[in-house]
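Residues per chain are reported as follows:
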Amino acid sequence: MSTHVVVNPATEEAVTEVGSASVEETDAAIERAAEAFPAWRDMAPGERARLLRRFAALVDDHIDELAELEVRNSGHTWGNATWEAGNVRDVLNYYSAAPERMTGLQIPVAGGINITVHEPLGVVGIIVPWNFPMPIAGWGFGPALAAGNTVVLKPAELTPLTAIRLGELGREAGLPDGVFTVIPGKGSVVGERFVTHPAVRKVCFTGSTEVGKRIMAGCADQVKRLTLELGGKSANIVFADSDLAKAAAAAPMAVFDNAGQDCCARSRILVEQSAYDEFVSLLEPAVQGIKVVDPADHSSEMGPLISAQQRTTVQGFVDEVDVAFTGSAPSGSGFWFPPTVVLADSVDQRIWREEVFGPVVAVMPFRDEAEAVQLANDTEFGLSGSIYTRDVGKALRVSRAVEAGNLSVNTHASVRYWTPFGGFKQSGLGRELGPDAPNAFTDVKNIFISDEGPA
Ligand code: NAP
Ligand code: MG
């Protein structure tokens, strides 16, 4: 069996070694999931709900252990990692209420009765990236299991440890064999097999737009159901009438949280011309104040990048432009990169157009509301965005005009497990989270029952 050495990105030290599944091992896991499906689908809804609540309770009992694993494997700050483990618990609890509520319609017809039912699909394959290993896994397996599917899940090769532990906790909670299986391995092996194996009836992918497009093309072959959560280049639009101090204080963590490795990062800041100089002067101390230290230190606000390769990629973007100012970062071992601010001079610059996935933000002035919307929408992406203004009408108009799935006004908080999440344009396809997520793991069946008597 081939293995992968898991590295602590804050120290570059090896943490442990994890096996990488072969195609044969992946097939065996998919086949076990397919065998487990009928009994899981047919289990009484209240029983499925009870098992999911037990799973949630076990995750809650292990928050510190899971967070500690994530700090070491992914370099996430302690504060973020505990939130992330708690998010898995909350998602499981929320969707544990779904099995008894997967209701259909009764539609009036002549000559009988017509009902709709939500049939689970079968085996669902979830492909998780390295940036938020726990939440993104839970957003997939929580509603998929609740809707009566069995799940095979591939964590990113760089960050498999919390997913493996969650798989163990699911078994300990009493999920039957084959209902939820974590399969560590390479995207080109395990991930590809989810796309090509006919027993996998839906693929739930989060990651790069490039790989997402290939998965979409691959799924076409079997008309396989698909959810995509891809990249972003989201705008933070600051109007001159906003509380500028508040907007400037909030802007850094809206992009530098998780060292900028966040598909929702507000990595373009658009500032109304008349407030531009003041905003930039307020932004500088806010950026310099970010505490970039060992993520195991509970006061750390930003950790390292995930890998040497990611640091090289981020450095490549920064090498092309003039840096206005930066925050601090530790020197020595670890894949550190300081929070970095660039004043963009052209919409054609790569820093303005492409997802950096690192702690780099580009700032640009705009003239008026129309130009703000035009600049915000001048991108192939459309995941999230923020609007800062005291004018409610303007907030509403701009929120409706920006082509993105998740907008927030006078805050950057736009992800909650009980509200829908997903992208416009090339940021994705379909929605996760929110009340409708379990339905995305079903097909609707329409049944007409004739009331004719025997012929
Ligand atoms: P990626 O290649 O898209 O990886 C995401 C997941 O897909 C990983 O589990 C990966 O497996 C798997 N995968 C890779 N190739 C696959 C294939 N051919 N078939 C099926 N699964 C496959 O992302 P990355 O290379 O880690 O990161 C590159 C860039 O993508 C980042 O710099 C960032 O811009 C973007 N990104 C976006 C998000 C997001 O949340 N939207 C998340 C991560 C990355 P492995 O374990 O083998 O890598
Ligand atoms: Mg890749």
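Caption draft 1: Broad picture of the overall build of the protein. Scanning the protein from N- to C-terminus turns up 14 helices and 18 strands. Computed over its C-alpha atoms, the radius of gyration of the protein comes to 23 Å, within 12% of the 23 Å expected for a compact globule of 455 residues. Once the C-alpha set of the protein is aligned to its principal axes, its extents read approximately 80 × 55 × 40 Å. For the protein, buried positions account for 55% of its 455 residues. The contacts of the protein with a sequence gap of at least 6 include a subset with a gap of at least 24, amounting to 73%. When the accessible surface of the protein is totalled, it reaches about 18300 Å², and 52% of it is carbon and sulfur.

Caption draft 2: Spatial organisation of the packing of helix α2 (residues 45–61) against helix α6 (residues 161–172). Viewed as axis vectors pointing N to C, α2 and α6 meet at an angle of 130°, and their least axial separation amounts to 9 Å. With respect to α6, the axis of α2 lies oblique. When the axes of α2 and α6 are compared, the crossing they make is right-handed. For the pair α2 and α6, contact is made by Phe55, Leu58 and Val59 and by Leu166, Leu169, Gly170 and Glu172, respectively. When the residues that make up the contact of α2 with α6 are grouped by side-chain class, the tally is five nonpolar, one polar and one charged.

Caption draft 3: Region of interest: the sheet that holds strand β4 (residues 112–120). Ordered by their spatial adjacency, three strands build an open sheet running β3-β4-β18, and the pairing between neighbours is antiparallel. On the outer flanks of this sheet lie β3 (106–107) and β18 (442–450), each paired with one strand and no other. Relative to β4, β3 runs antiparallel, the two being bridged by two bridges. When the bridges of β4 are listed, Gln106 appears paired with Ile115.

Caption draft 4: Expanded view of the pairing of strand β10 (residues 235–238). Covered by surrounding structure in β10 are Ala235 and Ile237 together with Asn236 and Val238, the residues of both alternating faces. In this fold, the crossover linking β10 to strand β11 (residues 268–272) by way of helix α9 (residues 244–256) has right-handed handedness. Relative to strand β15 (residues 384–388), β10 runs parallel, the two sharing four bridges. From the neighbouring strand, Ile237 faces β15, where its bridge partner is Ile387.

Caption draft 5: Focus on helix α5 (residues 133–146). Between its first and last C-alpha, α5 extends 20 Å over 14 residues, near the 20 Å set by a 1.5 Å rise per residue. Among the 14 residues in α5, 14 count as buried, and that is most of the element. Of the residues one or two after α5, Gly148 is the one with positive phi, at around 100°.

Rules used in this analysis
Along each chain, numbering runs from 1 in the same order as the chain's sequence is written. All chains are assigned letters beginning at A, and all ligands numbers beginning at 1, according to the order in which they are written. Where local features are concerned, this predicted model is filtered to residues with pLDDT of at least 70; where side-chain atom pairs are given and counted, the filter is 80 or more; whole-chain, interface and lining totals use all residues. Side-chain calculation: all heavy atoms of the structure are included, whereas hydrogens and water are not. The way it works is that DSSP assigns letters per residue, a run of H or I at least four long becomes a helix, a run of E at least two long becomes a strand, and they are numbered from the N terminus. We compute the radius of gyration from the C-alpha atoms alone; for a globule the expected value is 2.2 Å times N to the 0.38, where N is the number of residues. The buried label goes to any residue with under 20% of its type's maximum accessible area, the exposed label to any with over 50%, and the partly exposed label to all in between, with areas taken from a 1.4 Å probe on protein chains only. Contacts were defined at the residue level, with two residues in contact if any of their heavy atoms lie within 4.5 Å. In these tables, accessible area is a Shrake-Rupley quantity obtained with a 1.4 Å probe, and a residue counts as shielded only by the protein chains included in the view. Lines are fitted to the C-alpha atoms to define the axes, a helix being fitted only along its stretch in contact, and any angle between axes, read from their N-to-C directions, falls within 0 to 180 degrees. The cut-offs work like this: below 35 degrees is roughly parallel, past 145 is roughly antiparallel, 65 to 115 is roughly perpendicular, and the gaps in between are oblique. In this scheme, a crossing is called left-handed if the near helix is turned counterclockwise away from the far one by less than a right angle; it is called right-handed if the turn is clockwise. In this count, Pro and Cys sit with the nonpolar residues alongside Ala, Val, Leu, Ile, Met, Phe, Trp and Tyr, while Asp, Glu, Lys and Arg are called charged and the others, Gly among them, polar. Each pair of strands is called paired provided DSSP finds at least two bridges between the two strands. The path from the first strand over the helix to the second decides the hand: if it runs clockwise while the strands point away from the viewer, the crossover is right-handed. To estimate the expected span of a helix, subtract one from its residue number and multiply by 1.5 Å.

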